[in-house]
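Fold and geometry: a report
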Amino acid sequence: SPGTEFVLECRDVGKRFGGLVAVRGVDVSIRKGEIFAIIGPNGAGKSTLFNLISGTVKPDSGTVALAGNSINALRPHAIAKAGIARTFQLIRLFSAVTVLENVLVGADLRIAVNPVLTALGLPGARRADMQAIAVADAALSFCGIAHLAPLLAGSLSYGDQRRVEIARALAAAPKVLLLDEPAAGMNPTERKMLGELVRKIRVTGVTVVIVEHDVNLVMGIADAVLVLERGAVIAYGKPETVQRDRRVIEAYLGR
Ligand code: ADP
Ligand code: MG
């Protein structure tokens, strides 16, 4: 069950693109070990908020903090190393290489292979490679897709590709996992498995932040729900409470 410590905090975070305010002074406090859902209509700023947290977009105002430390000044790679892993709304796998090789990208981040050893082909490098492969295999097994390891990522179904992205993110041993619409393109069976996988990830102590359009999926698994509309928070709280909020029903659920 969720602890009381906040692992991720956004304080008055804002981002505009030209004249458009994509994220408007958002405050979010996410507890360690919780499943935290972000919902809202298209264009509400959900993906931009993820980009602000993972550092690919820098805020115009406010602070993003991981375990109490501001990560505003860090580059995306450093933020990933600090413990924030993510998947993307539009799948970003290397389709022409194997699933295992895709997941190794995440595992390498965790093992931090010494590039000099690798270049020289020294034993230390091989050991690190073996370790990275073991981590990647473990991440694939955890996600229930070990059997896909030798296949080309581009040959997989949409739902399987989404799970490979989750395995790659987990291979980096994150503190926080950001999932941007992980159920998009999944059939009902895959959605159910995804819900189970997210719960299983939470059991390991990883905090999961999930942007999702499938409100039923989200309400069934989330400890807390944040609702964004036009870049601003319109509701925040337990799923039961948020679901009954009149503004939420008008802005989102009722559509
Ligand atoms: P959501 O994920 O909730 O659908 P987004 O965060 O993708 O919303 O987008 C929020 C708003 O910001 C949208 O109006 C979108 O068009 C705009 N936006 C997002 N990224 C950019 C960008 N890089 N440049 C310009 N506008 C952007
Ligand atoms: Mg989005």
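Predicted model, so just to flag it, every value in this text is computed and none were measured.

Section: the overall build of the protein
Counting secondary structure elements, the protein contains 10 helices and 10 strands. A globule of 255 residues ought to have a C-alpha radius of gyration of about 18 Å, and the protein, at 18 Å, matches this closely. Its C-alpha atoms give the protein principal-axis dimensions of roughly 60 × 40 × 35 Å. Counting the 255 residues in the protein, one finds 42% classified as buried. Taking the contacts inside the protein whose residues are at least 6 apart along the sequence as the reference set, 66% of them involve residues at least 24 apart.

Overview of the sheet that holds strand β1 (residues 6-17)
In space, the 4 strands of this open sheet follow the order β2-β1-β4-β5, with antiparallel pairing throughout. The strands lining the two open edges of the sheet, one partner per strand, are β2 (20-31) and β5 (69-70). For strand β4 (residues 61-66) and β5, the ladder comprises 2 bridges, and the chain directions are antiparallel. The residue bridging Ala65 from the neighbouring strand is Ser70, located in β5.

A short note on unusual backbone geometry
Within the chain, Asp12 stands out as a residue other than glycine whose phi angle is a positive 50°. Looking at the secondary structure, you find Asp12 in strand β1. Of note, Glu181 is a non-glycine position whose phi angle comes to about 50°, a positive value. Here Glu181 shows up in the loop between β7 (176-180) and α7 (188-203). The partly exposed category is assigned to Glu181, around which 19 C-beta atoms lie within 10 Å.

A few points about the site of ligand 1
The local shell around ligand 1 consists of Phe17, Leu20, Ala22, Gly40, Asn42, Gly43, Ala44, Gly45, Lys46, Ser47 and Thr48. Breaking the shell around ligand 1 down by element, the ones donating at least two residues are β2 and α1 (46-54). Its residues placed into classes, the shell around ligand 1 shows 4 nonpolar, 6 polar and 1 charged.

Some words on the environment of Leu66
Position of Leu66 relative to the elements: it lies in strand β4. The class for Leu66 is partly exposed, based on 19 C-beta atoms found within 10 Å. Each C-alpha atom of the pair Leu66 and Ile84 lies 8.4 Å from the other, and the pair is 18 residues apart in sequence. For Leu66, the residues in contact, after removing those within four places along its chain, are Val7, Leu8, Ile71, Ala82, Gly83 and Ile84.

Describing the pairing of β2
Relative to β2, β1 runs antiparallel, the two being bridged by 8 bridges. The residue of β2 that forms the bridge with Lys15 is Val23. Linkage of β1 to β2, two consecutive antiparallel strands, is achieved through a turn of 2 residues, within which Gly18 is found at a positive phi near 60°.

What about the domain arrangement of the protein?
According to the domain assignment, the protein contains domain 1 (1-83 + 176-255) and domain 2 (92-173). Each partner contributes residues to the interface: domain 1 has 10 residues there, and domain 2 has 9 residues. Counting only elements with at least two residues in the side of domain 1 that touches domain 2, the list comes to α2 (76-82), β7 and α7. The residue makeup of the side of domain 1 that touches domain 2, split by class, is 6 nonpolar, 2 polar and 2 charged.

A closer look at the sheet that holds strand β8 (residues 207-211)
The strand order across the open sheet formed by 6 strands is β6-β7-β8-β3-β9-β10, and the pairing between neighbours is mixed. Looking along the sheet, the strands with just one partner apiece sit at the ends: β6 (84-86) and β10 (232-237). Direction aside, neighbouring strands of the sheet carry axes that sit 20° apart on average. Against the sheet, α1 contacts β3 (35-39), β6, β7, β8 and β9 (224-229), and its axis sits at roughly 150° relative to β7.

Procedures and definitions
- Residues numbered from 1 in each chain as written.
- Chains lettered and ligands numbered in written order.
- Predicted model: local features only at pLDDT ≥ 70, side-chain atom pairs only at ≥ 80, totals over all residues.
- Helix = DSSP H or I, 4+ residues; strand = E, 2+ residues; numbered from the N terminus.
- Rg over C-alpha atoms; globule rule 2.2 N^0.38 Å.
- Buried ≥ 20, exposed ≤ 12 C-beta atoms within 10 Å, placed from the backbone.
- Contact = placed C-beta atoms within 7 Å.
- Pairing = 2+ DSSP bridges.
- Near = placed C-beta within 6 Å.
- Nonpolar A, V, L, I, M, F, W, Y, C, P; charged D, E, K, R; others polar.
- Domains from an automatic or database assignment.
- Axes fitted to C-alpha atoms, helices over the stretch in contact; angles between N-to-C directions.

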